[in-house]
Number of protein chains: 2
Amino acid sequence: MREVGIGIAGFGVVGGGVLSILRQHAGDIEARLGGRIVVRRVALRDLEKERSIDVDPALLTTRLEDLLEDPGIQVVVELIGGVDQAFELVCGALQRGKHVVTANKALLAARGDEIFRLARARGVDVYYEAAVCGGVPIIRTLREALASDRITALHGIVNGTTNFILTAMAEKGEPIERALAEAQRLGYAEADPTLDVSGGDAAQKLCVLAQLAFGAALLPADVLTEGIMALKPEDFRWAREFGYALKLLAVARRCGPAEGAAPGAQDQLEARVHPAFIPAGSLLAGVRGAMNAVVLHSEALGASMLYGQGAGAMPTGSAVVSDIIDLTRNILAGSPGRVPLPPAEPLVSVRPHAEVRCAYYLNFSVQDAPGVLARIASQLAARHISIAAVQQREQNDQGQPVPLVIVTHVAREADLRAAIADIDRDPTTLAPTRLIRIESV
Amino acid sequence: MREVGIGIAGFGVVGGGVLSILRQHAGDIEARLGGRIVVRRVALRDLEKERSIDVDPALLTTRLEDLLEDPGIQVVVELIGGVDQAFELVCGALQRGKHVVTANKALLAARGDEIFRLARARGVDVYYEAAVCGGVPIIRTLREALASDRITALHGIVNGTTNFILTAMAEKGEPIERALAEAQRLGYAEADPTLDVSGGDAAQKLCVLAQLAFGAALLPADVLTEGIMALKPEDFRWAREFGYALKLLAVARRCGPAEGAAPGAQDQLEARVHPAFIPAGSLLAGVRGAMNAVVLHSEALGASMLYGQGAGAMPTGSAVVSDIIDLTRNILAGSPGRVPLPPAEPLVSVRPHAEVRCAYYLNFSVQDAPGVLARIASQLAARHISIAAVQQREQNDQGQPVPLVIVTHVAREADLRAAIADIDRDPTTLAPTRLIRIESV
């Protein structure tokens, strides 16, 4: 039976999952492939550490170079994480004509372009289903199923940690500190949760998705990114009152060429990660806990959604193994490069954040004094921002800040920011105005 | 540039969609494939009929044989529907070493085994993404993404017509006749809606899905099938009262070997299509109108869901084109048979309907007389059926039938049927007891 040799770099939770799936389903996989997948080396940091899965000690090494130098390894599986060392490993593999499977969204978001360029030049494949939403076959769907379609928008709940926290806040009315602590206790959030709660993780994933879906060359810094730490329990109450759920969304939306651009200019792409009000009855609103989902809008298919577990040893491990199987098929059939890598040149440009258009929920903290609402309404009107709904709560103590909430129609981000700056400069405004964008998914 | 020739049989709504997508995205597809897809013949029934899309008249033919006899056609796209003629066409193509794309679930449900056997023998491919839930990439996901996973259950809303009707009944409280007439008026239901409302269409799709997901060799007659025509507005009210939504579900569930089977015996599979109460907060409950969705439970991934449009020229056409592109890739790379066809021998057997296990909603029509509830409760208990909830409405007119509803715990179908037969034989039971199964998806 023909064999394809693989080397696995990184033997943490996902690496263990990959090994155990390969082992458990070896018979099945061989029957389907007509060939055998053989793990030839496993690189890890600490040879002495206890493992949950037994591996022949002769396979273990602490030298990543051992994977590169072994001519029997045709596929390098990069599970070490981080950017610099992973980049070196992946490029070393590609340069030697080895195919790569990686679960590393940070790497692809930061240096995907260089990696894909090298892979193209060497005629080898890079597969990365596990890099975004582990158990959701979104990469495969974008690369293959939608090959003959044109995507107009992508909305995703792509970070399980924040969705777990927001679900707890929505369902238990908890403040964010308590929901975060609970997520940490249960292992859904890391000790340092910054990358998740800042929206940074979701922005990395959006870069990877937007490249496939739109041919965008995005860096995380290009994504308008807001995290969840400023959200308050009252935001969830207001969301319910207006018929919304509150989620951290990753959004990419094709919006035609820039205003006044030359004919034939590229489409622009809005790319943003932020808390968003979405209709309470929408499918994304029903995505609870640590689950992930991505909604695509495309010309032929209309709306479609993929939903599943975003993380965990087995979902992520299973995505890695499905990539290994796919690559093995290509190798056995002598057809690498079967599915094209993302386009070498960007097909869309990033719309500047100031030009993004959204509807907004605005939460003001103002003095309960005559004329305050009139002032705010006219400051919004002066910036061409039109009001869809207003709610003001009655207040018992005269002179105390009064909760005032306004929902706007779609407005330009720069206009909205300017209006808020005007409003916040006024002495009757007692605290900075807070905003949450509204998305109709 | 290398070319792959295709012949399209059937030029209805989907055929037109396929041609227009191929034409509109020709440049894109060529760039991705490094090859060109050329439509060499289009077979249709009536040369004179007006078409919504222009085709070179020299390509048109009324003879299906023209597609088979053309050596320049490497892929035959079967869109004529029905079983007999389509079977002949598909087998003719496979025998001549041509690959096949089909959107024909009826054909695959009835004669898929023979077709796959022939394809295996000839070393050619059969692709059929469009046969089940047009715009949802469920076939691709089952064939490829889950190659290293083991599926334990599949729950689907796979018929848009009935979901449209049930959504209207749930949201407007309409009787089924009115909801069906409205669906017909809007083009969601055919003039003869029997195949849809009987559950027959969903059963065909379940056969196709269960073969891929479980290696089951199912015929539609093996599927426990109940349609929607017996549903009443009060069923939707009761569903809401108990915290459920009411949907037509296709269910396949792996359930271990038969009781008392020899060690190592095959797992059994429950296969059924019927109206079902599902938790109101579940994702499937949020699938409205003519949309489709399939929820998979698998060992590695846990729960996952795919959602999208199930029918229509563009969604179905797009699925057909993604199959054509995939096949073209295989042909250009010289790697047909890249993804294995369903297993030749069944890996599971069908669990007899009598052995199916479910919880049930039972709707009794009984005299408002002393002792009636006690009688029914004891008749259920005698068959080992345990009661989870009871609701009896007060009645004004003594002697009139009184609505009595019981929700049971999980019970064996044969026991439940026997208990209902007992109950319905009693003179205080005024009309046959109605049942709806309860699924926790």
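On a predicted model such as this, the values are computed, not experimentally measured, just so you know.

1. Things to note about the packing of aromatic side chains
All names here are of chain A. Under the counting rule described, the total for this entry stands at 10 aromatic pairs over all chains. Aromatic pair F116 and Y128: ring centres 5.6 Å apart, planes at 40°, arrangement tilted. Remark: Y128 occurs in the loop between β6 (126-127) and α6 (138-145) and F116 occurs in helix α5 (residues 105-122); sequence separation between them is 12 residues. On the accessibility criterion, F116 (1% relative accessible area) is buried. The class of Y128 is buried, set by a relative accessible area of 1%. Taken together, the aromatic side chains of Y244, F277 and Y361 make up a single cluster linked through ring pairs. One cation-aromatic arrangement involves R111 over F87; the distance from NZ or CZ to the ring centre is 3.6 Å.

2. What about the domain arrangement of chain A?
According to the domain assignment, chain A consists of domain 1 (2-134 + 313-332), domain 2 (141-310) and domain 3 (353-438). Its C-alpha centre places domain 1 of chain A at a distance of 51 Å from the equivalent point of domain 3 of chain A.

3. Examining the sheet that holds strand β4 (residues 75-78) of chain A
Residue and element names in this part refer to chain A. Taken together, 6 strands build an open sheet; the order of strands is β3-β2-β1-β4-β5-β6 and the sheet is parallel. Two strands close off the open sheet at either side, each with one partner strand: β3 (60-61) and β6. Pairing of β4 with strand β5 (residues 99-102) involves 4 bridges; the strand directions are parallel. When the bridges of β5 are listed, E78 appears paired with T102.

4. Description of helix α7 (residues 160-172) of chain B
Residues and elements named next belong to chain B. If you check α7, its first and last C-alpha atoms are 18 Å apart, about what 13 residues at 1.5 Å a residue would give, namely 18 Å. Burial runs high along α7: 10 of the 13 residues are buried. Within the sequence span of α7, burial applies to G160, T161, T162, N163, F164, I165, L166, T167, A168 and M169. Where α7 is buried, its residues touch β7 (151-157), α8 (176-185), α9 (194-197), α11 (233-242), β9 (244-254) and β11 (291-298). N-capping of α7 is provided by N159, with a side-chain oxygen placed 3.3 Å from the backbone N of T161. Where α7 terminates, the next one or two residues include G173, which has phi positive at roughly 65°.

Rules used in this analysis
For every chain, the first residue of the written sequence is number 1, and numbering continues from 1 along that sequence. Each chain gets a letter, beginning with A, and each ligand a number, beginning with 1, in the order they are written. Given that this is a predicted model, residues contribute local features only at a pLDDT of at least 70 and side-chain atom pairs are listed and counted only at 80 or more, while totals for whole chains, interfaces and linings are drawn from all residues. Hydrogen atoms and water are omitted, and side-chain values are computed over all heavy atoms in the structure. Centre distance within 6.5 Å is the pairing criterion for rings of Phe, Tyr and Trp, where only the six-membered ring of Trp is used; planes under 30 degrees apart are then read as stacked, over 60 as edge-to-face, and the remainder as tilted. A run of H or I in DSSP becomes a helix once it reaches four residues, and a run of E becomes a strand once it reaches two; helices and strands are each numbered from the N terminus. Burial classification: accessible surface area is computed with a 1.4 Å probe over protein chains only, and a residue below 20% of its type maximum counts as buried, one above 50% as exposed, and the rest as partly exposed. The criterion is that NZ of a Lys, or CZ of an Arg, lies within 6 Å of the ring centre and within 35 degrees of the ring normal, and then a charge sits over that ring. Each domain's extent is set by a domain assignment, obtained either automatically or from a database. Pairing between strands is defined by DSSP: at least two bridges between the two strands are required. Every helix has an expected span of 1.5 Å times one less than the residues it contains. In what follows, residue pairs with any heavy atoms lying within 4.5 Å of each other are defined as contacts. We define a polar contact as two N or O atoms separated by no more than 3.5 Å, with the added condition that, inside protein, one atom must be a possible hydrogen donor and the other a possible acceptor, whereas residues neighbouring each other in sequence contribute only through side-chain atom pairs.

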